[in-house]
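Residue-level structure breakdown
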Amino acid sequence: DAGVIQSPRHEVTEMGQEVTLRCKPISGHDYLFWYRQTMMRGLELLIYFNNNVPIDDSGMPEDRFSAKMPNASFSTLKIQPSEPRDSAVYFCASSEGQEEETQYFGPGTRLLVL
Amino acid sequence: AQTVTQSQPEMSVQEAETVTLSCTYDTSENNYYLFWYKQPPSRQMILVIRQEAYKQQNATENRFSVNFQKAAKSFSLKISDSQLGDTAMYFCAFMKPSYSGAGSYQLTFGKGTKLSVIP
């Protein structure tokens, strides 16, 4: 299996622009997670999905952030409008569920908002 | 809420030697999962090892093993025969099981330990 795939790997944008991060989970995995990693706050869970349905979005920082999972093989995390404090590494992870709890991470997207 | 503490921000070890990274956690759950993830300079998060709390036997994966002390809420990682490729940030993480309701499936991470393997 190719593992969790994320794109783009790097994104540089200007404040106020819309940013869309993409993720393809491992085939057959029922759970998908979005994390953010910063020096100040470490790794934080933003939102997770089960069978394409958002289960817990309490970690989403504010309304500028939104996430969708239109089908089992694709998810997006959108920031609109972006701000410099959104600069971070964003990880997508997936797990089988069904008591197989291990989460497998993608390579991450490094976002820099100028 | 669960908390995970890694008290060693940085550590170093000579190549081929053994090193132990510490992790403690706080929870009121009886069943849960614990993980060690490795993050090399490439930033990829790589699973190193996992432990189910209901299993008394310590998990091992080749050169990596854990010392799981449930009563003490301690979960240390031992790396034997350290290699240059082991240089990375190591994160300890806690997860409630899926049947725990709110907060299940969420990984709670420690702040990490930066390990440097010296040739």
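Remember, predicted model here, so these are calculated numbers, not experimental data. (Residues numbered from 1 in each chain as written. Chains lettered and ligands numbered in written order. Predicted model: local features only at pLDDT ≥ 70, side-chain atom pairs only at ≥ 80, totals over all residues. Heavy atoms only, no water.)

**Quick word on the packing of aromatic side chains**
- As enumerated under the stated definition, the model contains 17 aromatic pairs over all chains in all.
- Here tyrosine 31 of chain A and tyrosine 48 of chain A contribute two aromatic rings whose centre-to-centre distance is 6.4 Å and whose plane-to-plane angle is 35°, an arrangement assigned as tilted. Taken as a pair, tyrosine 31 of chain A in strand 4 (residues 31-38) and tyrosine 48 of chain A in strand 5 (residues 42-50) lie far apart in primary sequence, 17 residues in all.
- Note on tyrosine 48 of chain A: relative accessible area 4%, which makes it buried.
- Here tyrosine 25 of chain B and tyrosine 32 of chain B contribute two aromatic rings whose centre-to-centre distance is 5.3 Å and whose plane-to-plane angle is 65°, an arrangement assigned as edge-to-face. Each of the two residues, tyrosine 25 of chain B as well as tyrosine 32 of chain B, counts as buried.
- The rings of Tyr31, Phe33, Tyr35, Tyr48, Phe91 and Phe105 of chain A together with Phe35, Tyr37, Phe91 and Phe109 of chain B are connected pair by pair, giving a single aromatic cluster. (Phe/Tyr/Trp six-rings, centres within 6.5 Å; stacked < 30°, edge-to-face > 60°. Helix = DSSP H or I, 4+ residues; strand = E, 2+ residues; numbered from the N terminus. Buried < 20%, exposed > 50% of the residue type's maximum accessible area, 1.4 Å probe, protein only.)

**Notes on the layout of surface pockets**
- Roughly 470 Å³ of volume is contained in the largest pocket.
- Lining of the largest pocket is provided by 19 residues; of these, Gln37 and Met39 of chain A together with Gln39, Arg43 and Met89 of chain B occupy positions nearest its centre.
- Elements represented by at least two residues in the lining of the largest pocket include exactly strand 4 and strand 9 (88-95) of chain A together with strand 10 (88-95) and strand 12 (113-118) of chain B.
- Considering each element in turn, the lining of the largest pocket owes the most residues, 3 residues, to strand 10 of chain B.
- Residue classes in the lining of the largest pocket are distributed as 10 nonpolar, 5 polar and 4 charged.
- Estimated volume of the second largest pocket: approximately 240 Å³.
- Taken together, 13 residues form the lining of the second largest pocket, with Leu43, Glu44 and Leu45 of chain A together with Leu107 and Thr108 of chain B sitting closest to its centre.
- For the lining of the second largest pocket, the secondary-structure elements that each account for two or more residues are strand 5 of chain A together with strand 11 (107-109) of chain B.
- Per-element accounting of the lining of the second largest pocket gives the leading share, 5 residues, to strand 5 of chain A. (1 Å grid on protein atoms, 1.4 Å probe; cavity = no way out; pocket = protein on both sides within 12 Å on 5 of 7 lines; lining within 4 Å. Points joined across faces, edges and corners; volume = space filled by probe spheres on them. Nonpolar A, V, L, I, M, F, W, Y, C, P; charged D, E, K, R; others polar.)

**Observations regarding the state of the cysteines**
- A full pass over the atoms with the stated rule returns 2 disulfides over all chains.
- Paired through a disulfide, cysteine 23 of chain A and cysteine 92 of chain A show a sulfur-sulfur distance of 1.9 Å. With the S-S bond torsion at -65°, the cross-link from cysteine 23 of chain A to cysteine 92 of chain A turns out left-handed. Taken together, the residues cysteine 23 of chain A in strand 3 (residues 19-24) and cysteine 92 of chain A in strand 9 connect sequence positions 69 residues apart. Both residues of the pair, cysteine 23 of chain A and cysteine 92 of chain A, belong to the buried class.
- Paired by a disulfide, cysteine 23 of chain B and cysteine 92 of chain B hold their sulfur atoms 2.0 Å apart. One disulfide, between cysteine 23 of chain B and cysteine 92 of chain B, carries an S-S torsion of -70° and so falls in the left-handed class. Within this pair, whereas cysteine 23 of chain B is found in the loop between strand 3 (19-21) and strand 4 (24-26), its partner cysteine 92 of chain B is found in strand 10, the two being separated by 69 residues in sequence. As far as burial versus exposure is concerned, cysteine 23 of chain B and cysteine 92 of chain B are alike and both buried. (Disulfide = S-S within 2.5 Å.)

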